[in-house]
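One letter stands for each residue in the lines below.
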Amino acid sequence: MATRRLVSTTARLRTTSRSVSQAAPLTPQNVAIETGELKALREKAKGPWKNLTNEEKIALYRATFPKTFAEMKAPTGEWKRVLGGTLVGVAAGVGLFAAMKATVSPEPPRTLNEEWEKASQEKLRRQHANPISGISSKPAAS
C-alpha cells in the first residue's frame, strides 16, 4: 500500500501543511507517494549515480517534483464545470420562478382587461379630458 510523505531537504522547509505550492512547483516541499519500488530506487540512489539509468533518474526526479511549470499551467478544463454549474443554477432559478408564477401568483387586476380599458377611454371622452391634445381633442383637418 502506498503512503504519502512530505519531501523536504532542510528543517526550515518542513511544514505541517500538505499543500503543494502552485507558484513554485520545483520546491522540495512536494508530496511524494512512497511505493516499494520507489523506496528501493531511493536506496539505490544513495550509491553512485552512474549506476542509475536515465529512467530511474527521471523516476526519482518525478517522485520529488511531481509537476513542471508547463504541466502546472496547462488548462484543466475547470471552466467547463463552472459554466455548467452556473447554467444549471440559472435554469433552476428560472424554472422555479415560472412554477411559482403559474401556481402562486394572484390573477391580474380587473383594470388590465380590454373591456375596462375601452370603458375608461369612453369615460374620458365624455368628461372632455385633455381637450387640446389628448383623448377628447378633435382630429386635425387636413
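Rules used throughout
Residues numbered from 1 in each chain as written. Predicted model: local features only at pLDDT ≥ 70, side-chain atom pairs only at ≥ 80, totals over all residues. Heavy atoms only, no water. Axes fitted to C-alpha atoms, helices over the stretch in contact; angles between N-to-C directions. Helix = DSSP H or I, 4+ residues; strand = E, 2+ residues; numbered from the N terminus. Parallel < 35°, antiparallel > 145°, perpendicular 65-115°, else oblique. Left-handed = near helix turned anticlockwise from the far one by under 90°. Contact = heavy atoms within 4.5 Å. Nonpolar A, V, L, I, M, F, W, Y, C, P; charged D, E, K, R; others polar. Patch = residues over 30% accessible without salt bridge, like charges linked within 9 Å, V, L, I, M, F, W, Y side chains within 5 Å. Areas by Shrake-Rupley, 256 points an atom, 1.4 Å probe, with all protein chains shown as cover. Salt bridge = Lys/Arg side-chain N within 4 Å of Asp/Glu carboxyl O. Buried < 20%, exposed > 50% of the residue type's maximum accessible area, 1.4 Å probe, protein only. Phe/Tyr/Trp six-rings, centres within 6.5 Å; stacked < 30°, edge-to-face > 60°. Polar contact = N/O pair within 3.5 Å; in protein donor to acceptor, adjacent residues only side chain to side chain.

(A) Region of the structure containing the packing of helix α1 (residues 36-45) against helix α2 (residues 54-64). Relative to each other, α1 and α2 sit at 110°, their axes nearing to 10 Å. Taken together, α1 and α2 sit at an angle that is classed as roughly perpendicular. The two elements α1 and α2 meet at a crossing, and its hand is left-handed. Each of L38, L41, R42, K44 and A45 in α1 lies in contact with α2, whose residues at this interface are E56, A59, L60, A63 and T64. In terms of residue class, the contact of α1 with α2 is built from 6 nonpolar, 1 polar and 3 charged.

(B) Molecular detail of a nonpolar patch on the surface. Taken together, the side chains of W79, L83 and L87 make up a nonpolar region of the molecular surface, amounting to roughly 360 Å² of accessible area. Positionally, L87 belongs in helix α4 (residues 78-103). Its relative accessible area of 53% is what places L87 among the exposed residues.

(C) Just the packing of aromatic side chains, in detail. Across all of its chains, the model carries 1 aromatic pair by this definition. Taking 5.1 Å as the distance between ring centres and 50° as the angle between the ring planes, the aromatic pair formed by Y61 and F65 counts as tilted. Among the residues examined, F65 registers a relative accessible area of 16% and is labelled buried.

(D) Structural context of the side chain of E56. For E56, the location among the structural elements is in helix α2. Among the polar contacts made by the side chain of E56, one reaches the main-chain amide nitrogen of T53 at a distance of 3.0 Å. Apart from the residues lying within four places of it in its own chain, the contact partners of E56 are L41, K44 and N51.

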